[in-house]
Amino acid sequence: MSQTSFLASVAHWTQIECKERVLEAIPKLITLYKNAEDLQQTVDILKILCSSFLPHLDISTADTEKEFYSAVMPQASDMFDSAVDNLLAEAGMTESDHLQKTLLTLLTVLMDICECLELCLGHAINKEEERLSSLPHAVSSSVLHVLYCSYTHCSTSDKIYGEQLALVAAPLSTLFKKTHSLQQAFTSLLERPAFCDCSSVNVIEDLTAVCHRLLEISKVVSGMDVRVFASTLKILSNLAVQHAEVLKENLDVAAILSFLCEEIVNTCYHIATLLLQNSQEMSEQSVLLLRQHLKLAVFLLKIVVHFCEIFTNCLSRAAAWLLTLLLSILRYFKHGLIFSIRCSG
């Protein structure tokens, strides 16, 4: 049977057939996946692999399962990059029905990849603890790469698409939601103790890389969605604090603290500006926005305090921003900001 006819046949297999022939089919599909002729064919094979065959890899196929992740996930993140590159190239073209169809097709590819990676994470989350620690580096690195690239694409969409933004507003919104769903699945995986078993140097290096990547993602989403921003920082904070003893030598604590301090200072500025603009009477919307900013500032400040308590030997390189934060808080206290906030809420 030729590769083309095999692929056409597999697409119509029942779940029973997929389960019975999983060990036979996966190596062939991975070969087809690696050698696919175009982006759409590659993502179609990825969908078959993740939805039809991955669920049937049980405890007796641990080696095949590890090979699956190592082979499938890095190429999925590469494929995501290719689709984004194609979007960037197409977005500058003259508006037409063909262009709209092309943009929607490419955005659908991005969404399909997010869904497939989430299926991979879902399968990993349901693994036995002793096998969870054996997941390859490809799992976290590929997922975090896709999260970062997807959020970045959404955050810069107005510049990318310009006047064509209206054509893709709905699928971009869906892409953002699917990206956040993928992030939530990844968070569930990080919360499994076995996945973060720091008994080996490789796991410590991976965890350090995860924390640094989460910091990069936080910087991207800070101006997009408060809930996503807060949840991303919460993951980062929990990981760093929970594994502080083994991470303190490699974790860039100064970069994390500097970013947090800068965000708090900016948030306080927004609060002060909002109060000055509404000095007489605040609308309901302004009150809600004020409370949102205040909650965020308090949340970020708690993380800063916790980091300062845990990483006492790593504070010198963040001293400038810590001092700026303290001076900013004192300045806002001096001008009665806290009293104004209490009166307004």
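What counts and how
- Residues numbered from 1 in each chain as written.
- Predicted model: local features only at pLDDT ≥ 70, side-chain atom pairs only at ≥ 80, totals over all residues.
- Heavy atoms only, no water.
- Core = buried A, V, L, I, M, F, W, Y, C linked by side-chain atoms within 4.5 Å.
- Buried < 20%, exposed > 50% of the residue type's maximum accessible area, 1.4 Å probe, protein only.
- Helix = DSSP H or I, 4+ residues; strand = E, 2+ residues; numbered from the N terminus.
- Contact = heavy atoms within 4.5 Å.
- Axes fitted to C-alpha atoms, helices over the stretch in contact; angles between N-to-C directions.
- Parallel < 35°, antiparallel > 145°, perpendicular 65-115°, else oblique.
- Left-handed = near helix turned anticlockwise from the far one by under 90°.
- Nonpolar A, V, L, I, M, F, W, Y, C, P; charged D, E, K, R; others polar.
- Salt bridge = Lys/Arg side-chain N within 4 Å of Asp/Glu carboxyl O.
- Disulfide = S-S within 2.5 Å.
- Patch = residues over 30% accessible without salt bridge, like charges linked within 9 Å, V, L, I, M, F, W, Y side chains within 5 Å.
- Areas by Shrake-Rupley, 256 points an atom, 1.4 Å probe, with all protein chains shown as cover.
- pLDDT = per-residue confidence, 0-100.

Engineer: Pulling in residues and values, what's your account of the nonpolar core?
Structural biologist: In this structure, L29, F53 and F68 are the most contacted members of the largest nonpolar core, which totals 110 residues. Of the residues forming this core, the biggest block, 14 residues, is contributed by helix α6 (residues 97–125). Sequence-distant contacts of L29, defined by excluding residues within four places in its chain, comprise F6, L7, V10, I45, I48, L49 and F53. Core analysis: the second largest hydrophobic core is formed by six residues, L275, M282, V287 and L290 among them.

Engineer: Break down the packing of helix α14 (residues 253–277) against helix α15 (residues 284–310) for me, citing the residues and quoting the values.
Structural biologist: At a minimum axis separation of 9 Å, α14 and α15 run at an interaxial angle of 155 degrees. As summarised for this structure, α14 and α15 are arranged roughly antiparallel, according to the angle between their axes. Classified by chirality, the crossing of α15 by α14 is left-handed. Per-class residue counts for the contact of α14 with α15 are 19 nonpolar, four polar and one charged.

Engineer: Outline the pattern of salt bridges, listing residues and values.
Structural biologist: Counted according to the given criterion, the structure contains seven salt bridges. In this structure, D252 and R317 form a salt bridge, with 3.1 Å as the shortest nitrogen-oxygen distance. Placement of D252 in the loop between α13 (244–247) and α14 and of R317 in the loop between α15 and α16 (319–334) is noted, with a sequence separation of 65 residues between them. A single salt-bridge network, built from bridges that share partners, covers R21, E24 and K28.

Engineer: Outline the state of the cysteines, listing residues and values.
Structural biologist: Evaluation of the coordinates by the stated rule reveals zero disulfides. Counting only cysteine sulfurs, C50 is the nearest neighbor of C116, a cysteine outside any disulfide, at a range of 4.4 Å.

Engineer: Outline a nonpolar patch on the surface, supporting the account with residue identities and numerical values.
Structural biologist: A cluster of nonpolar side chains, namely L323, L327 and L330, defines an oily patch on the protein surface of about 310 Å² accessible area. Topologically, L330 is positioned in helix α16.

Engineer: Describe the confidence of the model for the protein chain, listing the residues and the values that go with them.
Structural biologist: Taken as a whole, the protein chain shows an average pLDDT of 87; of its residues, 89% reach a score of 70 or greater. Note that pLDDT drops below 50 for residues 341–345; the model gives that stretch eight contacts with residues more than four away or on any other chain.

Engineer: Break down the side chain of D112 for me, citing the residues and quoting the values.
Structural biologist: With respect to the helices and strands, D112 occurs in helix α6. Note on D112: relative accessible area 12%, which makes it buried. Setting aside residues no more than four positions away along its own chain, D112 makes contact with V43 and K47.

Engineer: Give a description of the environment of F186 that names residues and reports values.
Structural biologist: Within the fold, F186 resides in helix α10 (residues 165–190). F186 gets classed as buried once you look at its relative accessible area, which sits at 1%. Along the chain, F186 and G122 lie 64 residues apart, while their C-alpha atoms are 8.7 Å from each other. Aside from chain neighbours lying at most four places away, what touches F186 is L121, S140, V143, L144 and V210.

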